[in-house]
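Architecture at a glance
Below are the chains, spelled out letter by letter.
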Amino acid sequence: MCNLLDDVWLSARSMNSVAGEGYRGLGAFEEVGVRRLLLEAERFQDITVELPTQKPAIFRQLLLPIIVDALGRPRDAAEWVAMFKAGAFSPEQCDRLNAYLDGHRHLFDLFGKDAPFAQVAGLRTARDETKGSALLVATAATGNNVPLFSSRSEGDSLELTPAQAARWLLHTHCWDTAAIKTGAVGDPRVKAGKTTGNPVGPLGQLGVVMPKGRTVYETLLLNIPFGQPLLSDDLPQWRRREPDSRVEETLSCATPAWQARASRGLLDVWTWQSRRIRLVPEETPSGVRVTQVVVAAGDRLDSTPDHEPHTAWIVDSAATRGKKSGKGKVVSPVRPRRHQLGRAAWRGLNALLAVDRAGEQIDATDVRAGFHTSVLLSRIGAVRERLPQEYPLQVELTGIAYGTQSSVVEDVFFDEIPLPLTALNPDGIVCGSLLEALSQAESLAGAVNNLSADLRRAAGTEPIPWDKGQRPGDTLLHALDPLVRRLLAGLRTIGEDFEQSERGLTAWEQKAGRETWKVAEQVLSTAAPTLFSGRTVTKDGKERVYQLSRAERHFLDRMDEILTRRAALRKAA
């Protein structure tokens, strides 16, 4: 049998110290259980997973709620900073964690007879049908979900070890596809053996933003917002399964019945049971394996709660607030921001840096229209001056793109960027410098696209549509990617020093200018000889001449308008 607390099922990379240098380098990969990973969290750099989307699922469904339920949330910034600077759980905290894990150990048995972890004991269909375990695996072929480069077909049996089954079980609760689900016996809402209208898992509705530290301990703290105490009925899913739970019977997640409701708080939304699942283990020559599962409809969130910590937000303008949906409900002016496939994470920094306050909840009446950063980054911004200025904060962004009415996994988004703590000061020099550089990158891409469009018009063809084909601006943004990441890492060390910031931006403009001209040269090299004379286009009664020399001149002028420091240096030379 597999108990998630003490049996090994997670892979973590340890931190090794180099004698005499005080440097902590990368160590070996170790297989661990939850108890060891948490009690020795300072010894591990990170956990490793099969798919990037597994990581937030494991942290949210298991690691974070255990810490918060056992130790409580830090009451305020001072308590959070004290815990963070300690670098490890204190002996007293370890004792409390051990007592908590011992007291609830029976609820973490993956194949427990009466209360299997995150599952419904005895879950079955009217015909006692089961499906292949590939139903849990986002990258495996099953039904309509046929990944492009998969070496398996739906007909191939997929044997999951208990460790793999546990990881994909948590992943399914967070990221499962939508549409029709198997009807389970005991679910009063089943019609013709099915349930319809199921949304994707709660994380599938977000663009997940997860701060990352140097160790698992720091990552845990960075993902626990300090502030308001937990409500009495805000419990993780395993405690809502206990007979003496303080949550009414109708909220039990250990039965086939489900409901649409609001989240009770942080622990509830972290451990949300979006599906009813039963793993079917069997003995094989290789040991216990999971080859069959039952996956049915689970609880549905009324809406993404404003205490959801792992997403940035889109904030509607004041003019659109208070509008009602087709069903007569007032539409929330604040909604989760999802990541865009094909766009590097730094291109969304305007949302991540939209720090207005360190409030616990997003209040659309007092935030500026456009974006609001995540609760977690707001919290980190509130304590940034109490942490080392050069602290190497990383931010991981994950998401899934669904297709065909959200019934299949189309693509997975993952990116990681360094984020200077000083950038979380919305009025600071570093924040302004970053936003200026990002605006310049987008403007340069637009200038290259305009150059291409002018040359195509001069040749008598239409510009490349913005939503079709590969435009040269996309090529440029790809070339600028390492430069932006280098700028992000460099700004971490300068603090709020205007002169150093200006030097950093000047260096950025010089390098960005060179990369931009390389792409522009490629565009210009494709020009046919007829483009020297060009052609005249009349539109709305106005004539405009499109020719090679004019297009190039206009492009160079636009570069100078965007990269002002670079232009000033060139003119002064």
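As a starting point, this report considers the structure included with it. Here the structure is a predicted model, which means the values were calculated and not measured.

A few points about empty space enclosed by the protein
For the coordinates displayed, the defined rule picks out two cavities of 30 Å³ or more. Arg337, Arg338, His339, Gln340, Arg343, Ala344, Ala345, Arg347, Gly348, Leu397 and Phe413 are the residues that line the largest cavity. When its residues are assigned to classes, the lining of the largest cavity shows four nonpolar, three polar and four charged. Lining the second largest cavity are Pro199, Val200, Gly201, Pro202, Gln205, Trp272, Ser274, Arg275, Asp299, Arg300 and Leu301. Of the residues contributing to the lining of the second largest cavity, the split by class is five nonpolar, three polar and three charged.

Some remarks on the pattern of salt bridges
One pass over the full model with this rule turns up 37 salt bridges. The salt bridge partner of Arg276 is Asp299, with a shortest N-O separation of 3.0 Å. With Arg276 in strand S9 (residues 275-284) and Asp299 in the loop between strand S10 (287-297) and strand S11 (300-301), this residue pair connects regions lying 23 residues apart in the sequence. Asp299 shares its class with Arg276; the two are buried. In this structure, Arg553 and Asp557 form a salt bridge, with 3.1 Å as the shortest nitrogen-oxygen distance.

Quick notes on helix H3 (residues 77-86)
For H3, the complete set of buried residues consists of Ala77, Trp80, Val81, Met83 and Phe84. Taken around the axis of H3, the buried residues stretch over an arc of 160°, which confines them to a single face. Opposite its buried face, H3 presents the exposed residues Lys85 and Ala86, each directed more than 90 degrees away. Close packing links the buried residues of H3 with helix H4 (91-103) and helix H6 (216-222). N-capping of H3 is provided by Asp76, with a side-chain oxygen placed 3.3 Å from the backbone N of Ala78. Once H3 ends, the next one or two residues include Gly87, with phi positive near 80°.

Digging into the side chain of Ser374
Relative to the assigned elements, Ser374 resides in the loop between strand S14 (370-372) and helix H9 (375-382). Its relative accessible area of 0% is what places Ser374 among the buried residues. Here Ser374 is in contact with Val209, Pro309, Thr311 and Ala312, once residues within four sequence places are set aside.

About the thresholds
Residues numbered from 1 in each chain as written. Predicted model: local features only at pLDDT ≥ 70, side-chain atom pairs only at ≥ 80, totals over all residues. Heavy atoms only, no water. 1 Å grid on protein atoms, 1.4 Å probe; cavity = no way out; pocket = protein on both sides within 12 Å on 5 of 7 lines; lining within 4 Å. Points joined across faces, edges and corners; volume = space filled by probe spheres on them. Nonpolar A, V, L, I, M, F, W, Y, C, P; charged D, E, K, R; others polar. Salt bridge = Lys/Arg side-chain N within 4 Å of Asp/Glu carboxyl O. Helix = DSSP H or I, 4+ residues; strand = E, 2+ residues; numbered from the N terminus. Buried < 20%, exposed > 50% of the residue type's maximum accessible area, 1.4 Å probe, protein only. Arc of directions from axis to C-beta. Contact = heavy atoms within 4.5 Å. Polar contact = N/O pair within 3.5 Å; in protein donor to acceptor, adjacent residues only side chain to side chain.

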